[in-house]
Amino acid sequence: MKYHTQRYRLSQPSPDRNGAERQPEPRWPSACPPPACNRCRQYKKKCSKTLPSCRSCTDAGRKCSYFTSDRIAASSPEVLHARIQWLTQYIEDNIPGAAEERNMTSISQEGSQVGDKGEGGMNSPGNLVRAQSNGQVQKASPPLDNAHDNTEQKKGTSVTRWEGTDSQRPRSLACLDAYFHHVHRAYPFVDKARIMQVQSANANVMLIENNADSMILYLIHAIGRTTLERSGKISPLTGKEVKLPYSVILQYCIENEGMDSVQILLLLTLYSLFDPDGPSPWMVVGILTRQAMAQGLTSQRTTCADHALPSEEQSHRLFWSVYVLDRMVASSVGQPPGLFVPDIHVPLPAVTVTEFASAQRAEISSMLLVTRHVIQLRRLESNIMDAIFLRPRADVRSLSPSDRTAIVSDLHYAVDNWYSDGCLISRPEPSNVRIHDTMAWLNARYYQLLMLIYYPTPFNQPPRPGSHEHLLNVVQKYIHYSHILLELGQLPLNYITLTRCVPACLVLLYCFGHAASTVFSAKQEIQSCIAILQSFSSGWNHAMALARIMTDFSSVVSIYENRSASCLVTLQAPTVLQHTEQRSLYPRVVSLREELIEVGGRIMGKANCYQCIEGWDAQAISSGSSDGSSSTDATVTRDIAALSSPLPREIGWDFL
């Protein structure tokens, strides 16, 4: 027996379960009416042309489509234009505040057009478009011009676009991916889900005044771009092409203290590390640490649950991010840290329940391992600074040589353990974006810590036999691995790298004065240091000054080796009067030392602890007190004895 199914069409719409008739469906705008849908055109029926599905297709339970392959070229522009209009009207009717955001977007677009027609055009991203209360657009002055006070201007909404001169500007998602793939591993305080929502609403990445979300998104893009520039993915921008409105952001953070202001200040400090024309990162991190302590991030919050809530875990990650940044800047500039935490009881960053249940569990766990490893590194740096550099002189004098040896051994042992833990989590990075778990970065940080431990401070005086050779070997390896990072595109050419070059240069100069050989073994490292300093952009004037000083130092080393070789030759010559007629190198070396300390003071502050090196003139005082009236035979005899002695001994500053 066969069954037949017949379809019947109701003349009127059927009521719903509550007895109410259906609401009228939205229709296409009358300005651009589209053709009938595919199904109605196929069956030659009258189409209601409603969205997202016409009445006929809805009643039949079929998919409704307004495109056909043979007419898509003719109807596609009109259909898309009408659909955009319908979606815009739908968003404005159903999403609160969408109309205001649309007006702001149109104002910013008009402002960008005004900026494009100006003198700078697209090559002047520092232009600030200000929307007044009456809806007019006014082009404001560059945000970093200190000659104009922004407080006298009316409060409105400032919109700044991140623009560059290169035609292939990176997409927004590329900068976001670079930030979360690299920076977020060391500072995991940003809520990625929140940032992605802000990104979808602010696709043009505009910096809006008095809007924390736009500031956070804008700074993340700026930091992500520095990562792409360092890895060679995009061409770098100069300071004239991009200027960050520090005054606007700092004013907002000071007037609106909270967790968002702490995050904004942290991001602002991270970006200021790469900006030679911006404020000193040491100054900005001081404001950051004060606000972090004011928000109670340094205190542990007690909860009844066994696991911390997501908000508490976020505050823990924010605290450790502030701690890592504060300790890194403090140890780099040779100053005490700004975040005072005698006893830290804040839990280390951990995986939340939501993250553990997500598909990215393995990725998040790997990221947090790197985060904890970086935290351990900054703790080691802080412990070394407290024990070696910032210890009061009275406490140093009270320590016996055995006590100092025990402290140095414990610190060296802790550094070795940190290096072993880093080898377990290290993995290669082919794209050069991520660096915190690569072996080259791990080796550079390892020898940097050893250089701090054996730095010629009052704590390490008097020097032990062979200490100068050991210190020189450590500095050589540190500069060597830093140069490898530069060649691999993994060395950030920022404020931190520049400050770390200053103590390394000072140690090279110090070890040169206490050399125990006629050939200075660190000539190649001097050239590597010069190459690193010359790799900075033209805006880093202090880096150029350091490169010039090290170039002069390289020429002094060459003259020293030539004189040493000539002194060895004169051992078989009938006279040695030519050596005494040569100009002394000691005044030139002292001049280089003074220039190096002066430039280091401008970079790190005049009270940095790295400039206080003990034993600069230990050898020169004993013999340099005599003037040029000393006998020629005594001088030549002392030099020849130093060069021809079979026992390893220091030549000292008096030979120069």
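Residues numbered from 1 in each chain as written. Predicted model: local features only at pLDDT ≥ 70, side-chain atom pairs only at ≥ 80, totals over all residues. Heavy atoms only, no water.

Per an unreviewed UniProt entry, the protein chain carries the name Zn(2)-C6 fungal-type domain-containing protein and comes from Aspergillus nomiae NRRL. Looking at the protein chain in UniProt, the text filed under Subcellular location (unreviewed entry) is "Nucleus". (UniProt positions renumbered as here; feature names shortened; annotations may be inferred.)

Here we look at the overall build of the protein chain
From N to C terminus, the protein chain includes 24 helices and 4 strands. Considering the protein chain as a whole, with its 656 residues, one finds that 46% of them fall into the buried category. Within the protein chain, contacts between residues separated by at least 24 positions form 74% of all contacts whose residues are at least 6 apart in sequence. Entry remark: accessible area of the protein chain is about 33500 Å², with carbon and sulfur atoms responsible for 53%. (Helix = DSSP H or I, 4+ residues; strand = E, 2+ residues; numbered from the N terminus. Buried < 20%, exposed > 50% of the residue type's maximum accessible area, 1.4 Å probe, protein only. Contact = heavy atoms within 4.5 Å. Areas by Shrake-Rupley, 256 points an atom, 1.4 Å probe, with all protein chains shown as cover.)

Let's talk about the packing of aromatic side chains
As enumerated under the stated definition, the model contains 16 aromatic pairs in all. Residues F520 and F553 carry aromatic rings whose centres are separated by 6.3 Å and whose planes lie at 65 degrees to one another, so their mutual orientation is edge-to-face. Separated by 33 residues along the polypeptide, F520 in the loop between α18 (495-513) and α19 (523-534) and F553 in helix α20 (residues 541-569) bring together distant segments of the chain. Taken together, the ring pairs in this structure connect Y419, Y446, Y447 and Y481 into an aromatic cluster. (Phe/Tyr/Trp six-rings, centres within 6.5 Å; stacked < 30°, edge-to-face > 60°.)

So, the UniProt feature "domain: Zn(2)-C6 fungal-type" (unreviewed entry) in the protein chain
Feature annotation in UniProt assigns "domain: Zn(2)-C6 fungal-type" (unreviewed entry) to the following positions: residues 36-66. As annotated, residues 36-66 comprises 39% helix and 0% strand, and the C-alpha atoms at either end are separated by 7 Å.

Some points on unusual backbone geometry
Note on backbone geometry: most residues besides glycine have negative phi, and most peptide bonds are trans. Cis geometry is adopted by the peptide bond preceding P462, which originates at Q461 and carries an omega value of -5 degrees. Mapped onto the elements, P462 comes out in the loop between α16 (439-453) and α17 (467-488). The phi angle at K44 is positive, at roughly 55 degrees, despite the residue not being glycine. Locating K44 in the fold gives a position in the loop between α1 (38-43) and α2 (55-60). Positive phi is not limited to glycine here, since K49 has a value of about 60 degrees.

A look at the side chain of N460
Structurally, N460 is set in the loop between α16 and α17. A distance of 3.0 Å separates a polar atom in the side chain of N460 from the backbone oxygen of I453. Leaving out residues up to four positions away in the same chain, N460 has contacts with I388, V408, I453, Y454 and Y455. (Polar contact = N/O pair within 3.5 Å; in protein donor to acceptor, adjacent residues only side chain to side chain.)

Brief notes about the environment of V519
Summarising the element assignment, V519 is placed in the loop between α18 and α19. Assessed through its relative accessible area of 47%, V519 is described here as partly exposed.

Focus: the nonpolar core
By size, the foremost hydrophobic cluster in this structure holds 135 residues, and its most contacted members are Y187, L325 and F553. Each of domain 2 (172-233 + 243-299 + 309-437) and domain 3 (485-618) contributes no fewer than three residues to this core. Excluding anything up to four places from it in sequence, L325 contacts Y187, L266, T269, L270, L273, V285 and L288. Grouped together as the second largest cluster of nonpolar side chains are 9 residues, C37, C47, C64 and Y66 included. (Core = buried A, V, L, I, M, F, W, Y, C linked by side-chain atoms within 4.5 Å. Domains from an automatic or database assignment.)

Some thoughts on the side chain of T227
On the secondary structure map, T227 appears in helix α7 (residues 212-230). Residues contacting T227, with those up to four places away along its chain left out, are A178, H182, V183 and V433.

With respect to the pattern of salt bridges
This structure, assessed with the given rule, holds 14 salt bridges. Between E355 and R317 there is a salt bridge whose closest N-O contact spans 2.8 Å. Taken together, the residues E355 in helix α12 (residues 353-357) and R317 in helix α11 (residues 310-333) connect sequence positions 38 residues apart. The burial state of E355 is the same as that of R317; both residues are buried. Among the salt bridges present, the one from E381 reaches R378, with a minimum N-O distance of 3.1 Å. Here R378 and E381 lie together in helix α13 (residues 361-389), a separation of 3 residues that amounts to about one turn. Considered together, E381 and R378 belong to a single accessibility category, that of buried residues. Bridged by salt links that share partners, the residues R185, R427, R434 and D437 form one connected network. (Salt bridge = Lys/Arg side-chain N within 4 Å of Asp/Glu carboxyl O.)

Remarks on the state of the cysteines
Linking two cysteines covalently via their sulfur atoms produces the bond known as a disulfide. Going through the model one piece at a time under the given rule, you end up with 0 disulfides. Among the cysteines around C54, which has no disulfide bond, C57 carries the closest sulfur, lying 3.4 Å off. Here C609 stays free of any disulfide, with the sulfur of C612 as its closest cysteine sulfur at 7.5 Å. Take C609: its relative accessible area is 13%, and that puts it in the buried class. (Disulfide = S-S within 2.5 Å.)

Focus: the environment of W320
Along the chain, W320 turns up in helix α11. W320 gets classed as buried once you look at its relative accessible area, which sits at 2%. Sequence separation between W320 and F189 is 131 residues, and the spatial gap between their C-alpha atoms is 8.5 Å. Not counting residues within four places of it along the chain, the set of residues in contact with W320 comprises I344, V346, P347, L348, P349, I375 and R379.

Examining the packing of helix α8 (residues 246-255) against helix α9 (residues 259-272)
Running from N to C, α8 and α9 cross one another at 150 degrees; their axes reach a closest spacing of 9 Å. Classified by the angle their axes make, α8 and α9 are roughly antiparallel. For the pair α8 and α9, the sense of crossing is left-handed. Side by side, α8 and α9 meet where Y246, I249, L250, Y252 and C253 of the first sit next to S261, I264, L265, L268, Y271 and S272 of the second. Of the residues belonging to the contact of α8 with α9, the class tally is 9 nonpolar, 2 polar and no charged. (Axes fitted to C-alpha atoms, helices over the stretch in contact; angles between N-to-C directions. Parallel < 35°, antiparallel > 145°, perpendicular 65-115°, else oblique. Left-handed = near helix turned anticlockwise from the far one by under 90°. Nonpolar A, V, L, I, M, F, W, Y, C, P; charged D, E, K, R; others polar.)

Regarding the packing of α17 against α18
It is the contact of α17 with α18, at a shortest axis distance of 10 Å, that shows an interaxial angle of 140 degrees. Regarding α17 and α18, the two cross each other, and that crossing is left-handed. Facing H468, L471, L472, V475, Y478 and I479 of α17, the residues of α18 in contact are R500, A504, V507, L508, Y510 and C511. Across the contact of α17 with α18, the residue classes tally to 10 nonpolar, 1 polar and 1 charged.

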